[in-house]
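What the coordinates show
What follows is the residue order along each chain.
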Amino acid sequence: MQKINTQADWIARAAEVLPAAGFGNFDHGLVLSHGQGSRVWDEDGREYIDYLIGSGPMLIGHGHPEVLEAVLEQLPKGMTFFANNAAGIELAEEICRAVPCAEQVRFVTSGGEADMYALRLARAFTGRTKVLKFEGGYHGMSAEAQMSLAPSRQVNFPQAVPDSAGIPQSVADEMLIAPFNDIDMVRSLLDEHGRDVAAIIVEPLQRVIAPEPGFLAALRAECDRHGVVLIFDEIVTGFRLDYGGAQERYGVTPDLCSLGKIIGGGFPLAAVAGRRDIMDHFDKAKVGDEGWLMQLGTLSGNPVASVAGLKTMEILRRDGVYDRLKSLGQTLMDMQSTALDAAGIAHRIVGDVTLFDIIFTSNTVRDYRSYQSADSALNARYNDVLRQHGILKSPAKLYPSLALTDADLDQTRQAVKAAVEAIA
C-alpha cells in the first residue's frame, strides 16, 4: 500500500526543494490540502475556519458553486491565449463601471506587477523620477516597493531603508518616505521636492491602519497642487471595503489604482486602472517611441481568471452583500473586544469592519511606528491559541468572508474566549 504523506512528510520534502521550505508566503509549517466555503483542511486532516482566505481573494469563500460553474464552462474553450478574449474585455468593462478612477484598464498577473507598472506610468507621464511612499506601506516586491516596508531600524524621514538585499543605492535615492497619516510631512516634502516627484503611492487603508479623516483628500489636493500622480494601491481594498473599493468608501479619487485579489476570483490576475491620458502611455501610437511604456505578460487577461473574477463580482453586486460582510466583521470585532475588555487587557481594534486586527497596546495607532509599539509577543500568543482552536488567520490581519456561518461565529467566539484566558 502506498504510504500516505503526513504534513510532516510534506514539510520535509519542501525543505529539500524550496528555499526556507516554503513559497515565501504564509507559515511554512502548515501545508493545506483543500478548502470549502469558510473552511480549510491541512494535510493531517485538521480543520480550520479560514480568516486568511488566501490573503484576501476568497471573499465569497472557497469553491463557490457559481464560480466553479463559470470556470468549468471556460476550461474546454481554452485556458490561455496570449491574445484578447471576450471575458477579459468584459472584466475590464466592469472594472471601469465600478471603480471611480478607472477610465481604462491594463491587466497583469500579480499585484506587485500592477504597482510596479503604476509607478512606471507615473514617471512616463510626468517625466519625473522620485516617488513618495509611506513607511510600512506594502506595494509588492519591486525595488521601490521594498523601501521602508518593514524597517528594523528607525531613521529620520524622508530617508529610505531597503528591506531586501540586491537593491542598489540609486533606488533609495529616488524614494521619499513619510509617516502615514502625517499630511504636514507630505506638504513639507512636496514643497521641497515636488518638481521631481512623479507619484505618491498609498494604501488607502495601510495594512490595517485607517486613514484619519481628511488625510486622503489632503493627499489629493497636494498632488493636484504639485502635478503629482496619486496612486491608490487597492490590491487589498478593491471590491472589499465597498464595491468601488476605498475610492467609494472614502470619497477620494486617485489618478491611478492597482487592483488584484478579488478581481481574479482566486486565480492569478491583477490590473492597473486609471485616467485615460495616463494610460495612453501603454499605446505607442498615441505617445510615440519616447513616451511608450512596454508591458506584456504571458497570462495577462487570462480567460479562466477573468470568468472567475466576473462571476465573483456579479455575486458581490447582489442586494445586501456588503451589508452582510460589514455585519459579520462587526460581530467578529465585538466578540474579541468584549472578551478582552472583560479581562482588562489593553488592546486596539485597528482597521475596517471588512479587514482588521487586534493589537495589544493602549496607544493610538496611526502609522507604522505606533503600530510597531504594540506587544508583539502577546499578539503571537493570542494568534497561536486561536490556531490551536481551529482559527486560521494572518499574524497581522483578519479577513472576514461572506461564507461564514453562525456555527463558524460560535466556534470563533469559543476560540477567542480560550485565547483571552491564555493571555490574561
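Above this note sits the structure.
Once a new chain begins, its residue numbering starts again from 1 and follows that chain's sequence as written. Given that this is a predicted model, residues contribute local features only at a pLDDT of at least 70 and side-chain atom pairs are listed and counted only at 80 or more, while totals for whole chains, interfaces and linings are drawn from all residues. Note: side-chain values were computed over all heavy atoms of the structure, leaving out hydrogens and water.

A short note on the nonpolar core
I95, V99, F134, I200, L219, F239 and L316 are the most contacted members of the largest nonpolar core, which totals 71 residues. For this core, the leading source of residues is helix α11 (residues 303-316), giving eight residues. The residues touching L316, leaving out its near neighbours within four places in the chain, are L59, I60, F239, Y243, I262, V321, Y322 and L402. Only buried residues count toward a nonpolar core, which is a set of Ala, Val, Leu, Ile, Met, Phe, Trp, Tyr and Cys residues joined through side-chain atoms within 4.5 Å. Exposure categories follow from relative accessible area, calculated using a 1.4 Å probe and restricted to protein chains: below 20% of the type maximum is buried, above 50% is exposed, and the middle band is partly exposed. The next biggest cluster of nonpolar side chains, apart from the first, holds 28 residues, and it includes A114, L121, V171 and L293. Numbered from the N terminus, helices here are DSSP runs of H or I no shorter than four residues, and strands are runs of E no shorter than two. Contact criterion: two residues are considered in contact whenever any of their non-hydrogen atoms come within 4.5 Å of each other.

Some points on helix α6 (residues 183-193)
When we look at burial in α6, the residues that qualify are I183, V186, L189, L190 and H193. Axial view of α6: buried residues confined to an arc of 120 degrees, hence all on one face. Those residues of α6 that are exposed and aimed more than 90 degrees away from the buried face are D184, D191 and E192. Think of a polar contact as two N or O atoms within 3.5 Å of one another; within protein, one of them needs to be a possible hydrogen donor and the other a possible acceptor, and neighboring residues in sequence only count if both atoms come from side chains. Measuring from the side-chain oxygen of the N-cap residue of α6 to the backbone nitrogen of D184 gives 3.3 Å; that N-cap residue is D182. In this description, one arc is meant: the one made by directions from the helix axis to the C-beta atoms.

Some remarks on the sheet that holds strand β1 (residues 32-36)
Two strands qualify as a pair provided DSSP detects at least 2 bridges between them. Taken in spatial order, the four strands make up an open sheet running β1-β2-β3-β13, and their pairing is mixed. The open sheet terminates on both sides in strands that have one partner only, identified here as β1 and β13 (391-392). Judged from the four bridges that link them, β1 and strand β2 (residues 39-42) form a sheet pairing that is antiparallel. Residue L32 lies in a different strand from β2, and its bridge partner there is D42.

Concerning the packing of helix α12 (residues 321-342) against helix α15 (residues 406-423)
Angle between the axes and distance between the axes: these two values describe a pair of packed helices. Axes here refer to lines fitted to C-alpha atoms; in helices the fit is confined to the stretch in contact. Angles between the N-to-C directions go from 0 to 180 degrees. Where α12 contacts α15, the two axes come as close as 9 Å, and the packing angle between them is 30 degrees. One finds that α12 runs roughly parallel with respect to α15. Crossing angle aside, the handedness with which α12 passes α15 is right-handed. Here L328, T331, L332, M335, Q336, A339 and L340 of α12 come into contact with α15, specifically with L409, T412, R413, V416, V420 and I423. Residue polarity follows a fixed list, in which Ala, Val, Leu, Ile, Met, Phe, Trp, Tyr, Cys and Pro are nonpolar, Asp, Glu, Lys and Arg are charged, and the others, Gly among them, are polar. Grouping the constituent residues of the contact of α12 with α15 by class yields nine nonpolar, three polar and one charged. Any angle from 65 to 115 degrees is called roughly perpendicular, while one under 35 is roughly parallel, one over 145 is roughly antiparallel, and all others are oblique. If you view the pair so one helix is near and one far, a crossing is left-handed when the near helix is turned anticlockwise from the far one by less than a right angle, and right-handed when it is turned clockwise.

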